[in-house]
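Structural characterization, general
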Amino acid sequence: KLNSREAAEHDRPGERTDLSFDQAKLGMKRSALLAAALCARAGAFAPHRSALLPSARGLASARIAAVAPAAVLEPTTLPAVHVGWELLSTEVVEEYEVVANRYIHRLTRAELLSVVAPNDDNKVFLAAFRTQPDAEVGSTGVAHILEHSVLCGSAAYPLKAPFVEMLKGSVHTFLNAMTYPDRTVYPVSSQSMADFYNLLDVYVDAAFCPIATDTRSGRGREIFEQEGWHVAAKRTAAVGDTAAVPVAAGLSLQGVVYNEMKGVYSSADSLHGREALRALFPDSPLRWDSGGDPEQIPKLSYEQFVNFHRTRYAPASALLFACGDDPELERLNRIDAALTRAHVHRSTALPPLAPEVAGVPPMSKQALRSEPWLVQDTYPVQANAQLEQSGQYVSLNWLITDEDIPDSERLALSLCSSLLLGSAAAPLRASLLRSRLGSALIGGGLSDSLLQPIFSVGLKGVALGDEARDKVSELVLDTLRRIAGGEDVTESDGVVVEGDAAAASRPAFDDEAVAGALNSLEFRLREFAASERRGLSLGLGAAGEWAHGRDPVEGWRFRKSLAELKARIASEGAPALFSKLVHTYLLSNGHRVTVQLAPSVGHAAERDQAETNTLAAAADLPATGDATHGAKEEALLARTAALRLAQQAEDSPETIAKLPRLRLSDLELACSPPIPCDVTHLPKDALDGPGRVVYLSRPLASAGVVLVDVGLSLEPILKPLAQMAAQNGWPLSPTDPTACAAAAAAAA
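Heads up: these notes are all about the structure in this document. (Residues numbered from 1 in each chain as written. Predicted model: local features only at pLDDT ≥ 70, side-chain atom pairs only at ≥ 80, totals over all residues. Heavy atoms only, no water.)

**Concerning the overall build of the protein**
Each helix and strand counted, the protein has 25 helices and 19 strands in total. Within the protein, contacts between residues at least 6 apart in sequence are counted, and of these 77% link residues at least 24 apart. Accessible surface, the protein as shown: approximately 34800 Å² in total, 55% of it carbon and sulfur. (Helix = DSSP H or I, 4+ residues; strand = E, 2+ residues; numbered from the N terminus. Contact = heavy atoms within 4.5 Å. Areas by Shrake-Rupley, 256 points an atom, 1.4 Å probe, with all protein chains shown as cover.)

Structural data, given as structure tokens:
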């Protein structure tokens, strides 16, 4: 309800202030429907329009981009009202010109973040789940195996591989699934509305009602064994001998995820990253590998697999995300229908969850340690000759904080990391590479994708031994101390690193360097708003924030954080601010682990022996003389044969027909109308010389970034030069005054 003064301001034509818009935003947080009505009545702020001048083929062109004054968006419609959904809140995110409505499904208690994006025809749906491991499953990779398995058929669409089949008749722009250390997400997108709703329906059913966890038939266990792990048995024969040899000689561990992770664990880069993460979180669920350790994967039972899905993939434990220009009411209808169908299936196929496990809370933070420590491990090489050539990995890794920090501080840390490592001339990067202590940089600086941010930096290809390791550690810490003290560490000692020869010698946090990095950061934040995959990125970001127990929408608001960061730089000064960040979060932070990964010829042999032991435990064959030995061998052979037959079986036409299909009319309707283009012919007196300018402009939702292409016709130069070349040959003689004068006149 507006008071008279506010009403007068909104009814006064031509006078619109940010104050009234801020009042509208404040009202949204107090009362969603009331605020939406306020903004709808105000209707004052038009979406920002940016100009785009497209380059033409055959022209010389140059592109520039600049940040224009930000405009704001107000919603033009109320959030959709649907009997199956309870509206929790609605708010405008002016950075991306969208309205974010939060709902909860009345029947299943699933949470939905519904983003109304009128300018985005690439419609996105995403389902996210908190899937951090626990002590029961450890590093068995259950979250990773589930990610594979839920896509192998569901209650409503019982095909063996519904998504492979849908690829044949879909115009999707993205279709995938990803397992993170602490969450699993299932995103899909399409520009066709019919295709989008088809994919959405199949994704919801796959996530909540997979055949893989339905214990009422044997197919669920088959999917688990196919995607996770199983003991494969076969009768083998010696070369030149037709007599059968013991089945035990032909046993092996197989499985899609198992084989994938064997490859991952043979990579030195991957081993280093996993070891660093495990070391930084010794008391957190992140100490376990959600992707799966090949030694641990065969310890996962089918019963654990089913129970993990039943608790972690319950609708009340999920975040659903939808974004695009589709009608929100229809969006709610579709998701409600899919959830209701899933609820009916789960009610009959699964025992009910106890109230205390109906939702999965975010995991707790890792407490900071007060003293640094060292972790040592090895990675595989084939021969002793490769030991010196390969070198060792040495990195310093920090857990930044165990407290909540404001978004502006997170932005400041990101900018600080960029200043230290973000370019070839960045001081910490240049110092490490110039030292010649290693062959390449590793670590990459700040990573803020987990519950707590981490900072990692180091070198690979370091000489063997602890002395070389200590030199790298001392160099990193000494360089950080000097940078924080305002010293210039970019002065070359005679060794030139590629890319830094032309870099000016200056401290890391001088005003010019900070201004450049800040401008690049702001441009990246704004440019993201015009990305064709904006909705997908918004959804993935929201899933991460939600998984960590934070507001999934607040992370999209960069203007306030950016303004606060600029204000801090102005008041404290860039050198003082970023030096303080280095001291606080790195130099004075005791939660620092040095990871030393050395090459080892014996590493692969140790892994092979561990695999042999794991295989023996999984096969559980009695001793050769045992009376049950033969029966157990035959059971393994029969189980392997049955799994192979199930994998080779084809879906019936009736089963395939259950999948939704696109029609030709759907594709025709999917074509969005062209963006209007204004054409202006500027007068000749606007130019310094003869000619004309054609100015093309298109309005695009680009968050204040203006893109400009300037095209210059080369015909006035090329045509007379071609004529002269035809007469006098090519190249033109520099001593021919006529040719030189003609060329100069043409260029002018």
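The rest of the description comes next.
**Observations regarding the packing of aromatic side chains**
Under the defined criterion, the tally for this structure stands at 15 aromatic pairs. Consider the rings of Phe129 and Phe208, whose centres lie 5.7 Å apart with planes at 75°: the pair is edge-to-face. Here Phe129 is found in strand 5 (residues 123-130), whereas its partner Phe208 is found in helix 6 (residues 193-208), with 79 residues between them in sequence. Ring centres 4.9 Å apart and planes at 45° place the aromatic pair Phe224 and Phe305 in the tilted group. On the criterion of sequence distance, the pair formed by Phe224 in helix 7 (residues 219-227) and Phe305 in helix 10 (residues 302-312) is long-range, its members being 81 residues apart. Taken together through their ring pairs, the aromatic side chains of Phe129, Tyr186, Phe208 and Tyr313 make up a single cluster. Geometry around Tyr180 places Arg183 over its ring, the cationic atom sitting 4.1 Å from the centre. (Phe/Tyr/Trp six-rings, centres within 6.5 Å; stacked < 30°, edge-to-face > 60°. Lys NZ or Arg CZ within 6 Å of the ring centre and 35° of its normal.)

**A word on the side chain of Asp326**
Examined against the element boundaries, Asp326 turns out to sit in the loop between strand 11 (318-324) and helix 11 (328-349). Judged by its relative accessible area of 4%, Asp326 falls in the buried class. Within the structure, Asp326 has its side chain in polar contact with the side chain of Tyr197 (distance 2.9 Å). Once residues within four sequence positions are removed from consideration, Asp326 is found in contact with Lys123, Met193, Phe196, Tyr197 and Arg331. (Buried < 20%, exposed > 50% of the residue type's maximum accessible area, 1.4 Å probe, protein only. Polar contact = N/O pair within 3.5 Å; in protein donor to acceptor, adjacent residues only side chain to side chain.)

**Let's talk about the sheet that holds strand 16 (residues 592-600)**
In spatial order, the strands read 12-16-13-15-14; together these 5 strands make up an open sheet with mixed pairing. Each end of this open sheet is capped by a strand with a single partner; those strands are strand 12 (373-380) and strand 14 (440-447). Going from strand to strand, the sheet's axes swing by 15° on average, the running direction of each strand aside. The pairing of strand 12 with strand 16 spans 8 bridges and is classified as parallel. Note that in strand 16 the partner of Asp377 across the bridge is Leu597. Contacts from helix 20 (residues 602-619) reach strand 12 and strand 16 within the one sheet, and its direction differs from that of strand 12 by about 85°. (Pairing = 2+ DSSP bridges. Axes fitted to C-alpha atoms, helices over the stretch in contact; angles between N-to-C directions.)

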